[in-house]
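If you want the building blocks of each chain, they are given just below.
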Amino acid sequence: MYKINKAEFMLCAAWKSQFPDTSLPEICLSGRSNVGKSSFINTMTNRNGLAKVSSTPGKTRTLNFFNINDELRFVDVPGYGYAKVSEKIKQQFGEMIETYLEDRPNLKALILIVDYRHKPTHDDIMMYEYAKYYHIPTLVVATKEDKLKRNDLVKNEKLIKKTLNFDDNDYFVRFSSLHKKGIDEAWNIILKLCE
């Protein structure tokens, strides 16, 4: 079990010039608005309120950097697929995320957070394909596992993998913030990818 001694919000950045130094490995977290990225960060770090859980989807407008144990960083990117954001802002999001994914030398992996109950969206597929294009190792985290019946777990996992055209070299974790399920498994994968 990975022990969290320190977990803190570092900074938010909209431009490359604002990114922190590249001394620590970084794990990028992406997913649809309201899929549970903030809950994932808070559960993984055992810190309530480290990442702000908003009742308004699409709140994150910048890349948010979190320092974990002075050993690695989580980088939370704006949630996608939220209709109330203007096309101009959506385009800015896209460019900002693209700059980060393309040019960040210490980026070790992408965590794509999907809702276990639903088929991945067009945006999820694009994000996964983007990671594949840039050869970024990917961990797909299926949240809200506790909301599924037992016999739907395997069926939905298959549907998610099929929809994403999942690469068997990537990782898949069933996750529940409520039941604290998948934390150790996710940390083991993250630490392996940071080596």
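1. Considerations on the sheet that holds strand β4 (residues 72–76)
Part 1 of the reasoning: The seven strands lie next to each other as β1-β3-β4-β2-β5-β6-β7, forming an open sheet whose pairing is mixed. Two strands lie at the open edges of the sheet, namely β1 (7–13) and β7 (171–174), each paired on one side alone. Strand after strand, the sheet turns through a mean of 25° between neighbouring axes, direction not considered.
Part 2 of the reasoning: Both strand β2 (residues 26–31) and strand β5 (residues 107–115) contribute to a ladder of six bridges, which runs parallel. Considered in β5, the bridge of E26 is made with L107.
Part 3 of the reasoning: Contacts between helix α5 (residues 183–194) and the sheet are confined to β2, β3 (63–68), β4, β5, β6 (138–143) and β7, with β7 contributing the most and set at about 155° to the helix.

2. Considering the environment of Y130
Part 1 of the reasoning: The topology assignment puts Y130 in helix α3 (residues 122–133).
Part 2 of the reasoning: On the accessibility criterion, Y130 (22% relative accessible area) is partly exposed.
Part 3 of the reasoning: Along the backbone, Y130 and L101 are 29 residues apart, and their C-alpha atoms lie at a distance of 8.9 Å.
Part 4 of the reasoning: Look past the residues within four positions of Y130 in its chain and what remains in contact with it is E98, L101 and E102.

3. Observations concerning the nonpolar core
Looking at soluble globular proteins, one finds that nonpolar side chains tend to be buried together.
Part 1 of the reasoning: By size, the foremost hydrophobic cluster in this structure holds 30 residues, and its most contacted members are L63, Y100, L101, L112, V140 and I160.
Part 2 of the reasoning: Looking at this core, the elements with two or more residues in it are β3, α2 (87–103), β5, α3, β6 and α4 (150–164).
Part 3 of the reasoning: Ignoring any residue separated from it by four or fewer positions in sequence, one finds L112 in contact with S30, Y80, D124, M127, Y128, T138, L139, V140, V141 and L164.
Part 4 of the reasoning: Membership of the second largest hydrophobic core comes to 29 residues, among which are V35, M44, W187 and I190.

4. Structural notes on the pairing of β4
Part 1 of the reasoning: Of all five residues in β4, five are buried, a share of seventy percent or more.
Part 2 of the reasoning: Here β4 shows two buried faces, one formed by L72, F74 and D76 and the other by R73 and V75.
Part 3 of the reasoning: Sheet analysis places β2 next to β4, joined by four bridges and oriented parallel. Across the sheet, residue I27 finds its bridge partner in β4, namely F74.
Part 4 of the reasoning: Note that β3 and β4 share five bridges and pair antiparallel. Its bridge partner lying in β4, I68 is registered against L72.
Part 5 of the reasoning: Taken together, β3 and the strand that follows it, β4, pair antiparallel across an intervening segment of three residues, in which N69 is found at a positive phi of about 55°.

What counts and how
Sequence order as written defines residue numbering, which begins from 1 separately in each chain. Two thresholds apply to this predicted model, a pLDDT of at least 70 for residue-level local features and 80 or more for giving and counting side-chain atom pairs, whereas whole-chain, interface and lining totals are computed over all residues. By convention in this description, side-chain values take in all heavy atoms of the structure and omit both hydrogens and water. Two strands pair if DSSP finds at least two bridges between them. Runs of E in the DSSP output that reach at least two residues are strands. Runs of H or I that reach at least four are helices, and both are numbered from the N terminus. Axis geometry follows a simple rule: fit a line to the C-alpha atoms, using only the stretch in contact for helices, then measure angles between N-to-C directions, giving values from 0 to 180 degrees. Only heavy atoms enter the contact rule, under which two residues are in contact if any of them lie within 4.5 Å. In this scheme, a residue with accessible area under 20% of its type's maximum is buried, one over 50% is exposed, and one in between is partly exposed, where area comes from a 1.4 Å probe on protein chains only. Put simply, a nonpolar core is a bunch of buried Ala, Val, Leu, Ile, Met, Phe, Trp, Tyr and Cys residues held in one set by side-chain atoms that sit within 4.5 Å of each other.

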